[in-house]
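Here is how the chains run, residue by residue.
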Amino acid sequence: MRGRSRSMPAHMSAAMRKLEELSGVINLAIQTVDARAPNLTRCDFIVRALPGCSQVTLVTKADLADPKALKEWLAHFEREGIPTLVFPHSNRAPREKFIEKIRRASGAPENVRAAVIGLPNVGKSTVMNYIVGKRSVRVGAQPGVTRAVQLVNAGDNFVLVDTPGVVTPQFARREHGLSLALLGCLQDSFFTPDEAALHLLARSLPFYCRIFNEYYDVEAETCDPVEFCEAVARRRGMLRKGGKLDLDRVYPLIVQDFSTGRIFGVSLEAPPSVPA
């Protein structure tokens, strides 16, 4: 993160301008957030660009988050009066029933003109594909893959306006930027593997040491990030010449394992009322 530009990419700035242009057309803002960091991945400033719109938050990737933390986040959003639904991670869930849940939760009018809003890689295109019932939007692992604004008919009286993912200005704070990078919301050019891995472990080991130990098949009785990486290096035989532990191979491994969802049951933030 150090020494890198934090300016918003041109295609994302254009998406914000397009949202402002559509403020008199859209009547429902569907915001997708990552269950592992539901508040950090929210785009409240984008919602403010759509005054008068009904709103609903869809929590995606619930199967990757800590179930207890997710339950607490849902209770927090309810207390704050934020209409929130958990997006089904199974495509077998009835699409029509879920669309009706969106209508009821948001209080949207009968003729819905919705914008699906979200950071890159929080599941915005997946949500669109599910609602529409087909893969009408490109889905990929690179942040910002959905570039051009598109109009999509999702069924009777329900039209979606797809918009590119928008990077939240919170990533100007170092710790927030690292968490966003771990979630895949920023390209890997915004961070180095060592700082991202050490950030993840410093944040997670005090709460999820068992999960990390079981995944890497180690018995590291420590919450120290470097010591844990050393244990992984020994277990995986990641050594340099002379038998020195090669932590430079461990760092990107841990980042990739978390970012791709191989390590699951781990959340990166807790609601304000819950000690972090």
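One numbering rule holds for all chains: residues counted from 1, following each sequence as written. With the structure being a predicted model, the display of local features is reserved for residues of pLDDT at least 70 and the display and counting of side-chain atom pairs for 80 or more, all residues being used for whole-chain, interface and lining totals. Excluded from the side-chain calculation are hydrogens and water; included are all heavy atoms of the structure.

This brings us to unusual backbone geometry. One can expect most non-glycine residues to show negative phi and most peptide bonds to be in trans. One non-glycine residue, K61, lies in the positive phi region at around 60°. A run of H or I in DSSP becomes a helix once it reaches four residues, and a run of E becomes a strand once it reaches two; helices and strands are each numbered from the N terminus. Examined against the element boundaries, K61 turns out to sit in the loop between strand 2 (54-60) and helix 3 (67-79). Positive phi values are uncommon outside glycine, yet D217 reaches one of about 55°.

This brings us to the pattern of salt bridges. Counted as salt bridges are all cases of a side-chain nitrogen of Lys or Arg within 4 Å of a carboxyl oxygen of Asp or Glu. One pass over the structure, following the stated rule, counts nine salt bridges. A salt bridge links E195 to R174; the nearest nitrogen and oxygen atoms lie 3.1 Å apart. Of this pair, E195 sits in helix 7 (residues 193-216) while R174 sits in helix 6 (residues 174-182), placing them 21 residues apart in sequence. Ionic pairing is found between E214 and R210, a salt bridge with its closest N-O pair at 3.3 Å. Taken together, the positions of E214 and R210, both in helix 7 and four residues apart, correspond to about one turn of that helix. A single burial state applies to E214 and to R210, both of which are exposed. Each residue's exposure class comes from its accessible area (1.4 Å probe, protein chains only) as a fraction of the maximum for that residue type: buried when under 20%, exposed when over 50%, partly exposed otherwise.

Multiplying one less than the number of residues by 1.5 Å gives the expected span of a helix. For helix 8 (residues 225-236), which comprises 12 residues, the first-to-last C-alpha distance of 17 Å matches the rise-based estimate of 16 Å (1.5 Å per residue) to within 8%. The secondary structure elements touched by the buried residues of helix 8 are helix 7 and helix 9 (247-259). We define a polar contact as two N or O atoms separated by no more than 3.5 Å, with the added condition that, inside protein, one atom must be a possible hydrogen donor and the other a possible acceptor, whereas residues neighbouring each other in sequence contribute only through side-chain atom pairs. The residue sitting at the N-terminus of helix 8 and contributing the capping side-chain oxygen is D224; that oxygen lies 3.1 Å from the backbone nitrogen of V226. Once helix 8 ends, the next one or two residues include G237, with phi positive near 70°. Pairs of residues are marked as contacts when any of their non-hydrogen atoms sit within 4.5 Å.

If you trace the backbone, R203 turns up in helix 7. Reaching out from R203, the side chain makes a polar contact with the backbone oxygen of L268 at a distance of 3.0 Å.

Over its 12 residues, helix 4 (residues 95-106) runs 17 Å from end to end, which matches the ideal 16 Å to within 8%, given 1.5 Å per residue. Positive backbone phi, approximately 70°, marks G107, located one or two places after helix 4.

The next subject is the environment of L198. With respect to the secondary-structure elements, L198 resides in helix 7. Of the residues examined, L198 reaches a relative accessible area of 24% and is grouped as partly exposed.

Take the nonpolar core next. F212, Y216, F228, V250 and I254 are the most contacted members of the largest nonpolar core, which totals 49 residues. Considering each element in turn, this core owes the most residues, nine residues, to helix 7. Contacts of I254, omitting those with residues within four sequence positions, involve A197, L200, L201, Y216, F228 and C229. Only buried Ala, Val, Leu, Ile, Met, Phe, Trp, Tyr and Cys residues count toward a nonpolar core, and they belong to the same one when joined by side-chain atoms within 4.5 Å. Among the nonpolar cores identified, the runner-up in size contains 22 residues, and I30, L58, L85 and L160 belong to it.

Bringing the packing of aromatic side chains into the picture now. Here a pair means two rings of Phe, Tyr or Trp (six-membered ring of Trp) with centres within 6.5 Å. Their orientation is stacked below 30 degrees between planes, edge-to-face above 60, and tilted elsewhere. A full pass over the atoms with the stated rule returns eight aromatic pairs. Our definition puts a charge over a ring when NZ of Lys or CZ of Arg is within 6 Å of the ring centre and also within 35 degrees of the ring normal. We note R36 situated over the ring of F258; from NZ or CZ to the ring centre the distance is 5.1 Å. In this arrangement the basic side chain of R42 is found over the ring face of F77, its NZ or CZ atom lying 5.7 Å from the centre.

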